[in-house]
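Report on the structure
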Amino acid sequence: MVQRQFPMFPVGSTLVTHDLAVEKRDGKITYFYATLPVFTHDENDDASFQMITAQFYANSYVKQMDIVRAFGVTPISVKRAVKRYQEQGVQGFYAPKNTRGAAVLTDEVLQAAQQLLSQGQDPCDVADQLNIKRDTFSKAIRAGRLHKNSKKKSQQR
């Protein structure tokens, strides 16, 4: 008859389940399954933390609430990590974030706006001509994406 080996975790480790424990030492987090260390990452590496906990759930080593209780994270963050793992796999946690980019102020619109501003037109008038919200337009000026003339050309007397 095969004898079951009881899990033996290092002193100071925190139990997540009866088979899984985690230990924080010298800025590193190490996960133990039964008696074996199975994964290590830096304590500030959120992507690795989300990936490994989602993988533990996907492999049925833990329940989502075990992760919530052991690490003090929100249930929705665990659900999102599990969904990302199921849809994208491990690489989904390390891929660069998708950003939307400029929706209104495209390069063509910025060029047209800069031409009108360079001609001495008022920023509010330029925004109205190009059908851009005035706040969006002034935000682009404050951010340095557009430059308005500091002084209008003085009219000769």
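This section reports on the structure supplied with the text. (Residues numbered from 1 in each chain as written. Predicted model: local features only at pLDDT ≥ 70, side-chain atom pairs only at ≥ 80, totals over all residues. Heavy atoms only, no water.)

Regarding the overall build of the protein chain
What the protein chain contains, in helices and strands, is six helices and four strands. Its helices and strands taken in sequence order, the protein chain reads β-β-β-β-α-α-α-α-α-α from the N to the C terminus. The buried share of the protein chain, reckoned over its 157 residues, is 27%. Sequence separation of at least 24 residues holds for 36% of the intrachain contacts in the protein chain that already meet a minimum separation of 6. Looking at the protein chain as shown, the accessible area adds up to about 11,700 Å², and 49% of this sits on carbon and sulfur atoms. (Helix = DSSP H or I, 4+ residues; strand = E, 2+ residues; numbered from the N terminus. Buried < 20%, exposed > 50% of the residue type's maximum accessible area, 1.4 Å probe, protein only. Contact = heavy atoms within 4.5 Å. Areas by Shrake-Rupley, 256 points an atom, 1.4 Å probe, with all protein chains shown as cover.)

Comments concerning the nonpolar core
With 18 residues, the main nonpolar core has Tyr31, Ala54, Phe56, Val62 and Phe93 as its most contacted residues. Mapped onto this core, the elements with two or more residues apiece are β2 (20-25), β3 (28-33), α1 (46-58), α2 (64-71) and α3 (75-88). Excluding residues that lie within four positions of it along the chain, Val62 makes contacts with Val16, Thr17, Leu20, Phe56, Tyr57 and Ile67. Grouped together as the second largest cluster of nonpolar side chains are twelve residues, Leu105, Leu110, Ala113 and Leu146 included. (Core = buried A, V, L, I, M, F, W, Y, C linked by side-chain atoms within 4.5 Å.)

Observations regarding the packing of aromatic side chains
Throughout the structure, instances matching the rule amount to six aromatic pairs. For the pair Tyr31 and Phe39, a centre-to-centre distance of 6.4 Å together with 40° between the ring planes defines the contact as tilted. By relative accessible area, Tyr31 is classed as buried at 1%. Ring-pair connections join several aromatic residues into one group, and the members of that group are Tyr31, Tyr33, Phe39, Phe49, Phe56, Tyr61 and Phe71. (Phe/Tyr/Trp six-rings, centres within 6.5 Å; stacked < 30°, edge-to-face > 60°.)

Things to note about the sheet that holds strand β1 (residues 14-15)
One key point about sheets: their strands pair by backbone hydrogen bonds, in either a parallel or an antiparallel sense. On the basis of which strands lie adjacent, the open sheet formed by four strands has the order β1-β2-β3-β4 and antiparallel pairing. Every interior strand has two partners, whereas the edge strands, β1 and β4 (36-42), have only one. As judged from the two bridges shared by β1 and β2, these two strands associate in the antiparallel manner. Across the sheet, the residue bridging to Thr14 is Val22, located in β2. The strands that α1 touches are β2, β3 and β4; relative to β4, the one it contacts most, it runs at about 150°. (Pairing = 2+ DSSP bridges. Axes fitted to C-alpha atoms, helices over the stretch in contact; angles between N-to-C directions.)

Some thoughts on the pattern of salt bridges
What the rule picks out here adds up to five salt bridges. Here Asp128 makes a salt bridge to Arg134, at a shortest N to O gap of 2.6 Å. Look at Arg134 and you get partly exposed, because its relative accessible area is 43%. (Salt bridge = Lys/Arg side-chain N within 4 Å of Asp/Glu carboxyl O.)

Quick look at the environment of Ala95
Within the fold, Ala95 resides in the loop between α3 and α4 (107-118). Between the C-alpha atom of Ala95 and that of Ala47, which follows or precedes it by 48 residues, the distance is 9.9 Å.

Some thoughts on the pairing of β3
Within a regular strand, the side chains alternate between the two sheet faces. Two strands pair when backbone bridges link them, and β2 and β3 are joined in this way by six bridges, in the antiparallel orientation. Bridging from a neighbouring strand, Leu20 pairs with Tyr33 of β3. As defined by bridge partners, β3 adjoins β4 across six bridges and the pair is classed as antiparallel. Bridging from a neighbouring strand, Tyr31 pairs with Phe39 of β4. The turn joining β3 and β4, which pair antiparallel and follow one another in sequence, is formed by two residues; a positive phi near 60° is taken by Ala34.

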